[in-house]
Amino acid sequence: MAGAESRRPPAPGEDVKPFTPGKAKEIVMSLQHPAVFCNMVGDWPALHWNAKYLSAVLDGKTIQFRLGLKTMDLVPQFETRCSYVEATLEEFLAWSCGQPSCLSGPFSCYEYSKYWAYADYKYIARIFEDKPEIFQDIRWSDFGFPGRSGKESTLWIGSEGANTPCHLDSYGCNLVLQVQGRKRWHLFPPGDTSFLYPTRIPYEESSIFSKVNVANPDLKRFPEFRNTTAHVVTLSPGQVLLVPRHWWHYVESIDPITVSINSWIELDADHEARVEEAITRMLVCAIKSAENPSDGDLWLNPTEVEATSHEINLQYLNKAVSAYFKCQKARVSEQARPSSPGAEQGTGASCKRKKRDAGCEPEGCGLPTHEFHFPTLKAEELQNIPFGPHLIQVLPQSQETSLMGAVAVKSDGRDLLHKNEGGHFGKLQRTRKQLVMSNDCETPAHQMDSDGSPNPSQTALSTNDLLDCLVNPHVISLVARLLLERTRV
């Protein structure tokens with residue numbers, strides 16, 4: 001099949017795509033490594049959703065933008081370190097073009113050469129609530145999810161340099177459509193969790209952040225980052241990226257204006273993850289709420305409405321545990337009946353940020369899984385994945401290449417395919433030294449001697465140091481399993 005540039009428009013009633021919805025869903029639900037779909041969305045009206053078009057559709061409606069500095073620091077620009085403005089897309093576009101009208105607008109305090117702006121995590125169902133017909137411009141049914149449209153999707157609009165700190169999503173897998181401009185994705189497999197120094201501060205349900213600025217890592221403070229296996233890909237308009245469950249990702253806009261649309265696909269294993277998140281919320285809120293408020297520690301991410309009480313958190317934990325066992329029971333009953341292909345995974349709408357979308361409830365059911373150790377697809381299984389010009393596997397790259405960025409991918413996937421030629425999947429199976437708990441918790445920089453060894457005379461640990469160990473993903477996974485076993489009895 002020819003590339004996207006040479007494809008003729010489908011005739012009325014014709015739907016020419018490289019994968020059927022069933023095959024696309026099979027790939028999404030089974031592939032545990034990132035890949036780029038090409039030539040799957042050529043007839044989607046959403047491909048016309050550039051910033052100028054969206055500005056006209058929103059017709060003066062304001063949305064929130066997050067602003068950060070373009071200067072590269074050794075510390076991630078978490079959302080607690082950013083500024084925020086309410087502005088229209090028209091004002092955003094004028095600012096990004098350097099128009100004089102911005103001297104008195106909401107962006108007047110932020111020089112374009114020094115700042116980036118990002119309207120991120122915008123639920124389409126919310127910002128276009130008065131225009132529900134626009135939801136049908138997004139057709140995830142082409143990927144095997146009938147009924148899923150813009151109503152279950154999220155919009156991202158940014159300027160050059162806009163970025164999301166490196167993190168993993170606790171729930172679901174992720175499909176991302178690039179509409180305008182290009183974004184560079186730095187992805188790391190679940191097995192790299194310890195090397196990325198996970199933290200829950202700032203706290204946000206369903207997001208585990210990395211303390212490392214992966215675009216400019218402080219290797220003296222985070223030496224284990226050298227052991228990561230970065231997968232870097234530049235996503236271009238018309239391409240759809242599959243981000244598998246629990247893959248870490250840092251995302252940056254590399255063009256003047258970028259627009260993306262994504263949808264989180266819920267998986268069966270999310271029910272155990274919700275128990276883990278409930279435990280984490282209870283511990284973080286209890287410990288951080290006990291601190292002196294005058295300390296000024298912005299531990300709660302702006303996306304979280306408030307620090308919920310212990311009583312509410314306990315109710316949430318009990319509900320998560322009950323839902324887990326209810327779905328496990330239903331799953332056992334379902335397994336007693338003849339099963340149909342593809343029935344292994346739930347496909348309800350998964351909420352990345354549950355507190356911001358209270359109407360989103362889990363639908364899938366799941367059995368226990370080990371959260372951060374996925375089985376690797378065998379060579380013969382990989383041969384069944386139809387990699388080629390329409391499905392490009394994102395291969396690991398050398399640390400030097402990944403830190404400098406990757407060559408952009410043309411919309412038909414040919415350049416990416418060329419760059420991947422000669423790549424070997426076995427690179428993912430690099431030998432790692434045995435992990436110990438000390439690798440999961442960073443020694444504070446102020447407690448290090450000049451030779452990099454811990455200084456025993458300085459032991460002023462902070463609350464956050466304790467939390468980094470207490471709610472470490474591996475620890476929480478173990479606690480959740482113990483709790484579920486206790487409840488089962």
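These numbers were taken from a predicted model, which means no experiment stands behind them.

Asks: Kindly report on the overall build of the protein chain, identifying the contributing residues and their values.
Replies: Counting its regular elements, the protein chain contains 12 helices and 15 strands. With 489 residues in all, the protein chain has 52% of them scored as buried. Within the protein chain, counting contacts between residues at least 6 apart in sequence, those at least 24 apart form 83% of the total. Approximately 21,900 Å² of the protein chain is accessible, and the part contributed by carbon and sulfur atoms is 55%.

Asks: Quick rundown of the nonpolar core? Include the residues and the values.
Replies: Counting 56 residues, the largest nonpolar core has Trp49, Phe128 and Phe143 as its most contacted members. A total of 5 residues in this core trace back to one element, the largest contributor, which is helix α3 (residues 89-96). Setting aside its immediate chain neighbours within four residues, Phe128 contacts Trp49, Leu54, Val57, Leu58, Lys61, Ile134, Phe135 and Leu155. Membership of the second largest hydrophobic core comes to 22 residues, among which are Tyr171, Met282, Val321 and Tyr324.

Asks: Give a description of the side chain of Glu205 that names residues and reports values.
Replies: Relative to the elements of secondary structure, Glu205 occurs in the loop between β9 (198-199) and β10 (207-210). Among the polar contacts made by the side chain of Glu205, one reaches the side chain of Tyr316 at a distance of 2.6 Å.

Asks: Account for the pattern of salt bridges, naming residues and giving values.
Replies: Two side chains of opposite charge can pair, provided their charged atoms sit close to one another. Applying the stated criterion across every chain yields a total of 18 salt bridges. Here Asp43 ties to Lys17 by a salt bridge, and the two come within 2.7 Å at their closest N and O atoms. Here Lys17 lies in the segment before α1 (21-30) and Asp43 lies in the loop between β1 (35-37) and α2 (51-58), a separation of 26 residues in the sequence. Residue class for Lys17 comes out buried when judged on its relative accessible area of 14%. Taking the shortest distance from any N to any O, the salt bridge between Glu304 and Arg281 comes out at 2.7 Å. Of this pair, Glu304 sits in the loop between α5 (270-289) and α6 (310-335) while Arg281 sits in helix α5, and the two are 23 residues apart along the sequence. Accessibility classification places Glu304 together with Arg281 in one group, the buried group. Sharing partners across several salt bridges, the network here consists of Lys17, Asp43 and Asp142.

Asks: Describe the packing of α5 against helix α11 (residues 463-470), and please don't skip the residues or the numbers.
Replies: Where α5 contacts α11, the axes come no closer than 11 Å and their chain directions differ by 165 degrees. Accordingly, the angle class assigned to the pair α5 and α11 is roughly antiparallel. For the pair α5 and α11, the sense of crossing is right-handed. Of the residues in α11, those touching α5 at Leu283, Val284, Ile287 and Lys288 are Thr463, Asn464, Leu467 and Leu470. Its residues assigned to classes, the contact of α5 with α11 shows 5 nonpolar, 2 polar and 1 charged.

Asks: So what about the confidence of the model for the protein chain? Which residues, and what values?
Replies: Averaged over all residues, the pLDDT of the protein chain equals 82, while 74% of them reach at least 70. This model gives residues 1-8 a pLDDT under 50, and the stretch forms 18 contacts once residues within four places in sequence are excluded. Low pLDDT, under 50, characterises residues 354-376; the stretch is placed with 84 contacts to residues that sit more than four places away or in other chains.

Asks: Summarise α3; cite the residues concerned and give the values.
Replies: Counting buried positions along α3 yields 6 of 8 residues, so the element is predominantly enclosed. For α3, every residue scored as buried is listed here: Leu89, Phe92, Leu93, Ala94, Trp95 and Ser96. In this fold, the buried residues of α3 make contact with α2, β2 (63-69), β3 (83-87), β4 (115-123), β5 (154-159) and β14 (257-265). Backbone geometry just after α3 places Gly98 at a positive phi near 75 degrees.

About the cut-offs
Within each chain, residues carry numbers counting from 1 in the order of the written sequence. Side-chain atom pairs in this predicted model are given and counted only at pLDDT of 80 or more, local residue features only at pLDDT of at least 70, and totals for whole chains, interfaces and linings cover all residues. Working from all heavy atoms in the structure, the side-chain values ignore hydrogens and water. Elements are defined by DSSP. Helices are runs of H or I of four residues or more, strands are runs of E of two residues or more, and each kind is numbered from the N terminus. Three exposure classes are used, based on accessible area relative to the maximum for each residue type with a 1.4 Å probe and protein chains only: buried under 20%, partly exposed in between, and exposed over 50%. Pairs of residues are marked as contacts when any of their non-hydrogen atoms sit within 4.5 Å. Here the accessible surface of atoms and residues is derived via Shrake-Rupley with a 1.4 Å probe, and residues count as covered only by protein chains that are part of the display. We call a set of buried residues a nonpolar core when its members are Ala, Val, Leu, Ile, Met, Phe, Trp, Tyr or Cys and they connect through side-chain atoms within 4.5 Å of each other. Counting of polar contacts relies on pairs of N or O atoms within 3.5 Å, with two restrictions inside protein: one atom must be capable of donating a hydrogen and the other of accepting it, and residues adjacent in sequence are counted only when both atoms are side-chain atoms. Salt bridge, as used here, is a side-chain nitrogen of Lys or Arg placed within 4 Å of a carboxyl oxygen of Asp or Glu. Inter-axis angles, ranging from 0 to 180 degrees, are taken between N-to-C directions of lines fitted to C-alpha atoms, where helices are fitted over the stretch in contact. The scheme is simple: roughly parallel for angles under 35 degrees, roughly antiparallel for over 145, roughly perpendicular for 65 to 115, oblique for anything else. Note on convention: near helix rotated counterclockwise from far helix by under a right angle means a left-handed crossing. Clockwise means right-handed. Each residue is assigned to one class: nonpolar for Ala, Val, Leu, Ile, Met, Phe, Trp, Tyr, Cys and Pro, charged for Asp, Glu, Lys and Arg, and polar for all the others, Gly among them. Scored from 0 to 100, pLDDT records how confident the predictor is in each individual residue.

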